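Observations on chain architecture
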Amino acid sequence: MSLDETSKSISRRDFIKVGGAGALAITLGSAGVPAGLFGGGKVQAATNDNVKLQFNNDGKFKIVQFNDMQDDEHIDRRTVELMEKVLDAEKPDFVVLNGDCITGGCDTAIEMKQAMNNIAQPMEQRGIKWAVTFGNHDEDSTPSAGLGEEEMLQFYMAYKHNVNQPGVRGITGTGNSNLLIQSSKGSKAAFNLWLLDSGRYAPQTIAGQDFEGYPVWDWLRFDQVAWYYETSKKLEEKQGYKVPSLMFIHIPLWEHRFMWYASVDGRSEADHARAVGKHQIVGERNEDECPGPINSGMFSAILARGDVKGIFCGHDHVNTYHGNYYGVLLGYAGSTGFGAYGLPGADRNRLRGARVFQLDEHAENVLVDTFMVFAKDYGIDLTANDQSSEPAPIPANKKQEKN
């Protein structure tokens with residue numbers, strides 16, 4: 001998510017969104033080191049009882065990842081159209097909205113709810129179970145509209161087919177959780193999904209030192225890494241085996257950047273050519289990866305545990321690649337949202353899409369394939385313009401909260 005890209009071809013709606021992000025950055029920066037930097041937190045919402053996920057009778061299970069819908073209540077109509085067409089074509093068993101689900105431009109709590117409702121409806125109307133993670137833009141409207149991530153999570157959880165959990169007590173972030181997928185016979189856990197909040201922006205300073213010259217985004221905190229590690233061990237003890245899994249985070253790890261060139265420092269075409277063969281990389285990279293300034297150590301923990309088969313992010317809208325990095329798939333889903341930044345000029349919307357994961361409980365690692373699908377595959381208008389729409393009505397059949 002390069003700053004250069006966000007400065008190009010800024011429309012009225014983009015200007016509102018950039019302003020919202022700036023307001024949020026100022027809010028965070030004025031606090032110095034945020035309260036969650038070294039841990040601490042609380043449960044964000046009541047427990048969601050609608051959680052059971054299970055492989056189908058044929059032993060298969062399909063997941064769709066939508067990333068960076070990143071719009072206000074007047075969502076670009078093509079974002080919803082893309083979501084609907086992907087769901088109708090792929091017929092997934094589960095959907096993850098992996099951060100930056102909404103952004104700035106909402107002036108009231110109702111408008112924030114309308115923005116969230118716009119992206120919930122494609123799954124709700126089809127009866128598909130789904131969950132969200134949070135990205136760096138989800139609270140862009142919070143300073144003006146008042147709903148923070150805890151209230152947003154509660155709103156999402158009130159939908160009939162949402163399966164988010166409140167989040168683990170006492171660790172950084174909102175909605176950190178794992179979801180087990182039971183085998184087709186229901187006799188064991190066949191797969192696991194880790195949903196983590198990778199944060200928003202780096203603090204203004206640590207120990208009196210600012211982050212000038214470093215990436216400005218956030219990173220997974222040590223307490224989140226420790227929670228994953230300990231929970232993974234407990235799952236293995238309970239189940240009697242390591243449960244294979246996928247991890248969804250919004251902001252990429254440093255290892256995403258390392259993999260593209262098979263190097264920490266090299267950035268040449270020869271480095272990338274070596275990386276393609278070494279790490280079996282497929283897909284496009286059209287901007288630098290944008291992790292936070294500090295390496296969280298999550299990848300080291302994952303290597304130690306050996307259960308996570310893939311780590312998938314968004315954040316950098318025009319990257320769609322994935323590869324095998326020392327036995328773990330690292331990858332992106334490109335931006336789903338037509339209202340967010342994309343490629344330059346007329347190609348702006350060429351990579352709008354979603355990522356699909358195919359699971360088979362009879363396969364050794366269960367995860368058997370992943371690939372991107374694109375708006376261009378469904379005949380959706382890719383014109384580089386703004387096609388805002390009126391917000392969809394919020395239904396009255398949500399499980400908990402009354403609207």
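Now for a description of the structure that goes with this document. (Residues numbered from 1 in each chain as written. Predicted model: local features only at pLDDT ≥ 70, side-chain atom pairs only at ≥ 80, totals over all residues. Heavy atoms only, no water.)

**Focus: the sheet that holds strand β4 (residues 129-133)**
The following threshold applies: By the convention used here, strands pair only if DSSP detects at least 2 bridges between them. The secondary structure listing takes helices from DSSP runs of H or I that are at least 4 residues long and strands from runs of E that are at least 2 residues long, numbered from the N terminus. Axis geometry follows a simple rule: fit a line to the C-alpha atoms, using only the stretch in contact for helices, then measure angles between N-to-C directions, giving values from 0 to 180 degrees.
Strand order in the open sheet formed by five strands is β4-β3-β2-β13-β14, and the pairing between neighbours is mixed. Two strands bound the open sheet, and with one partner strand each, they are β4 and β14 (367-374). Ignoring which end each strand starts from, the neighbouring axes of this sheet average 20 degrees apart. Pairing of strand β2 (residues 60-66) with strand β13 (residues 353-360), which is carried by six bridges, proceeds in the antiparallel orientation.

**As for unusual backbone geometry**
Backbone geometry places Gln280, a non-glycine residue, at a positive phi of 50 degrees. Structurally, Gln280 is set in the loop between α9 (269-279) and α10 (298-305). Positive phi is not limited to glycine here, since His315 has a value of about 75 degrees.

**Looking at the pairing of β13**
Our working definition: Burial classes: relative accessible area under 20% of the type maximum marks a residue as buried, over 50% as exposed, and values in between as partly exposed (1.4 Å probe, protein chains only).
Summarising burial for β13: seven of the eight residues are buried, a large majority. Summarising the sheet, β13 and β14 pair through seven bridges and their orientation is antiparallel. Counted as the bridge partner of Val356 is Phe371 from β14. Taking the residues that link successive antiparallel strands as the turn, the β13-β14 hairpin has six residues, and the phi of Val366 there is positive, at about 70 degrees.

**A few points about the nonpolar core**
So the rule is basically this: The set of buried Ala, Val, Leu, Ile, Met, Phe, Trp, Tyr and Cys residues whose side-chain atoms join them within 4.5 Å is what this entry labels a nonpolar core. Should any heavy atoms of two residues lie within 4.5 Å, those residues are counted as being in contact.
By size, the foremost hydrophobic cluster in this structure holds 39 residues, and its most contacted members are Phe66, Val95, Leu97, Trp130 and Tyr156. Where this core is concerned, the elements lending two or more residues are β2, α3 (77-90), β3 (94-98), α4 (109-124), β4, α6 (149-157) and β13. Setting aside residues up to four positions removed in sequence, Leu97 forms contacts with Phe66, Met69, Met83, Ile119, Met123, Trp130, Ala131, Val132 and Thr133. Ranked by size, the runner-up nonpolar core spans 31 residues in total, among them Leu235, Met259, Phe299 and Ala301.

**Side note on the pattern of salt bridges**
Rules: One side-chain nitrogen of Lys or Arg within 4 Å of one carboxyl oxygen of Asp or Glu is enough to make a salt bridge.
Following the criterion strictly, the structure yields 17 salt bridges and no others. As a salt-bridge pair, Glu81 and Lys85 come within 3.2 Å of each other at their nearest N and O atoms. Residue Glu81 and its partner Lys85 are both found in helix α3; the two are separated by four residues, about one turn of the helix. Classification of Glu81 as buried rests on a relative accessible area of 18%. You can call Lys85 partly exposed: its relative accessible area is 30%. With a closest N to O distance of 3.2 Å, Arg274 and Asp271 form a salt bridge.

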